[in-house]
Each structure stands twice: as structure tokens, then as C-alpha cells.
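One letter stands for each residue in the lines below.
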Amino acid sequence: MQTLNEQVPAPTDVGNALIGIRGGSELDLDLRFESVHEGILVSGTATAQIAGDCGRCLEAIEYDFEADIQELFYYEESEEFEDDDDVDQYWVVDDLIDIDPVLRSAVVTALPFQPVCKDDCLGLCSECGISLNDDPEHQHEILDPRWAALAQLSDTAASDAANNKTSFMREEK
Ligand SMILES: [Zn+2]
Ligand SMILES: [Zn+2]
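The structure displayed is predicted, hence computed values, not measured ones.

A. Layout of the overall build of the protein. Counting secondary structure elements, the protein contains two helices and six strands. Moving toward the C terminus, one meets the helices and strands of the protein in the order β-β-β-β-β-β-α-α. The 173 residues of the protein split such that 25% are buried. Looking at the protein alone, contacts between residues at least 24 apart form 51% of all its contacts between residues at least 6 apart. For the protein, the accessible area works out to roughly 12,400 Å², and carbon and sulfur atoms hold 48% of it.

B. Up close: the nonpolar core. In terms of nonpolar packing, the biggest core is built from 23 residues, with Ile 21, Leu 31, Ile 69, Phe 73 and Val 107 touching the most fellow members. Within the residue set of this core, elements represented by two or more residues are strand E2 (19-21), strand E3 (26-35), strand E4 (39-53), strand E5 (60-75), strand E6 (90-92) and helix H1 (100-108). Look past the residues within four positions of Ile 21 in its chain and what remains in contact with it is Ala 10, Pro 11, Val 14, Ala 48, Gln 49, Ile 50 and Val 107.

C. Region of the structure containing the pattern of salt bridges. For the structure on display, the rule yields three salt bridges. The salt bridge partner of Glu 62 is Arg 22, with a shortest N-O separation of 3.2 Å. Taken together, the residues Glu 62 in strand E5 and Arg 22 in the loop between E2 and E3 connect sequence positions 40 residues apart. We classify Arg 22 as partly exposed; its relative accessible area is 35%.

D. Expanded view of the coordination of the zinc ion (ligand 1). At this site the zinc ion (ligand 1) is bound by Cys 54 (SG), Cys 57 (SG), Cys 117 (SG) and Cys 121 (SG), with donor distances of 2.3 Å. Around the zinc ion (ligand 1), the four donor atoms are arranged such that angles at the metal cover 106 to 115°; this shape is classified as tetrahedral. On the basis of relative accessible area, Cys 54 is assigned to the buried category, the value being 0%.

E. View of the packing of aromatic side chains. Under the counting rule described, the total for this entry stands at two aromatic pairs. Aromatic pair Phe 73 and Tyr 90: ring centres 5.5 Å apart, planes at 40°, arrangement tilted. In this pair, Phe 73 sits in strand E5 while Tyr 90 sits in strand E6, placing the two residues 17 residues apart along the sequence. For Phe 73, a relative accessible area of 1% corresponds to the buried category. Residue classification places Tyr 90 among the buried positions, given a relative accessible area of 9%. With a centroid separation of 6.1 Å and 55° between ring planes, the pair formed by Tyr 74 and Trp 91 is classed as tilted. Linking Tyr 74 in strand E5 with Trp 91 in strand E6, this pair joins segments that are 17 residues apart in sequence.

F. The coordination of the zinc ion (ligand 2), seen in detail. Each protein donor to the zinc ion (ligand 2) is listed here as Cys 125 (SG), Cys 128 (SG), His 138 (NE2) and His 140 (NE2); together their distances run 1.9 to 2.3 Å. Note that the zinc ion (ligand 2) binds four donor atoms; their angles at the metal cover 104 to 115°, and the shape is tetrahedral. Binding-site remark: the zinc ion (ligand 2) is held by donors from one chain whose sequence spacing is C-x2-C-x9-H-x1-H. You can see Cys 128 sitting in the loop between H1 and helix H2 (145-172) and its partner His 140 sitting in the loop between H1 and H2, a full twelve residues away along the chain. A relative accessible area of 40% places Cys 128 in the partly exposed class. Classification of His 140 as partly exposed rests on a relative accessible area of 35%.

Criteria and thresholds
- Every chain's residues receive numbers from 1 upward, in the order its sequence appears when written.
- Chain letters start at A and ligand numbers start at 1, both assigned in the order the entries are written.
- Per-residue local features of the predicted model are confined to residues with pLDDT of at least 70, and side-chain atom pairs are confined, for both listing and counting, to 80 or more; whole-chain, interface and lining totals are unaffected and use all residues.
- Values shown for side chains rest on all heavy atoms present in the structure; no hydrogens or waters enter the calculation.
- Secondary structure follows DSSP: runs of H or I at least 4 residues long count as helices, runs of E at least 2 residues long count as strands, and numbering of each begins at the N terminus.
- Only protein chains enter the area calculation, which uses a 1.4 Å probe; residues under 20% of their type maximum are buried, those over 50% are exposed, and those in between are partly exposed.
- Throughout, a residue-residue contact means that at least one pair of heavy atoms, one from each residue, lies within 4.5 Å.
- Per-residue and other accessible areas were derived by the Shrake-Rupley procedure at a 1.4 Å probe size, with only the shown protein chains allowed to occlude residues.
- What we call a nonpolar core is a set of buried Ala, Val, Leu, Ile, Met, Phe, Trp, Tyr and Cys residues that are connected through their side-chain atoms within 4.5 Å.
- Salt bridges are identified by distance alone: a Lys or Arg side-chain nitrogen within 4 Å of an Asp or Glu carboxyl oxygen.
- Only nitrogen, oxygen and sulfur atoms qualify as donors, provided they sit within 2.8 Å of the metal or within 3.2 Å for Na, K and Ca; with water excluded from the atoms, sites may seem incomplete.
- Square planar and octahedral sites, with four and six donors, are those where opposite donors lie more than 155 degrees apart and all other angles lie between 65 and 115, tetrahedral sites have four donors with every angle between 85 and 135 degrees, and the rest are irregular.
- Centre distance within 6.5 Å is the pairing criterion for rings of Phe, Tyr and Trp, where only the six-membered ring of Trp is used; planes under 30 degrees apart are then read as stacked, over 60 as edge-to-face, and the remainder as tilted.

Written out as C-alpha cells, the structure is:
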């Protein structure tokens, strides 16, 4: 068995459009390599700096993520692997293993599809784009013409009611 404790530059393009590993940032590897019958078992953690944008308010998000890694790299002559196209198969090639794809899948599957800066992020105003987190009371006068027509109707109704009341009172005299 061998261990590896090393900091390496993180690969680029790990993640989705909104969030992923900050390319070139420090990647902290803490791994064990064990020789087993079929190949080499790699286990341990990789800690990466995650950077992205909140999907609601576009505020920057940053945090460290510790990915658990456990993967068997098969010797090329080994016949003992699951013959299944859906399962990613990793190989020891020329006495080397490439943990890049293992790291990618460990991190990418753990990333949120809809990253948010905080669970109750209020997002942006759909009218003017300001962040509602800065001003939760923020709202706009309703300018939709359909609502304006309704407002006019209710004005008319109110003044009709007022007129009726006056005429009713006149009759009473
Ligand atoms: Zn947010
Ligand atoms: Zn607004």
C-alpha cells in the first residue's frame, strides 16, 4: 500500500455552467493506493475549491468541497471486470493510473443543479433586476394595462355607488 498527500493545481472545466472547481486552484489530495488481485484500489479524499454563481441572484458562491474517492483501477490483463457499458471502467495503463476522470465524476455528481447563495435567497426583481436580498420590501406600482382597466372600473363602480346613494337620499327628503 502507498499513500499520497499532495497539493496539485486543479483541472479546469470541472462543473456545470453555474458552478464548478475553480480551475488552477489548489487541489488537496489525500489518497491511498492498495494493490489488490485485479488491480489497484484508490481511496481517500480530494478537497477542491468550488466557485460559482447563485442561480437566483447571481451572487458569487465559494466553498471547499471534500470529494470521497473509491475506485478500482483494473490491470489490463485482468478479466475480472463487470462487462457493463453503463459502468465506467478504469484501467492501469503502462503502470500509471489517471485519477482525473474519477475526480471529475466525484465532484460533478455532488454539485448542486441549482446553486443558491443561501436557501432563502430572494433572487432578483423581475422588473428592474435589483437583488431582493438587499431590499425584501422592494416592489413596483402595477403598470399592466389590464390592471389599469380594472382599477378604472372599480373607480366607476365606486362613484356610481356614491351617486346612487345621493339620489336615494334626495328621494327620501
Ligand atoms: Zn442568491
Ligand atoms: Zn424592481
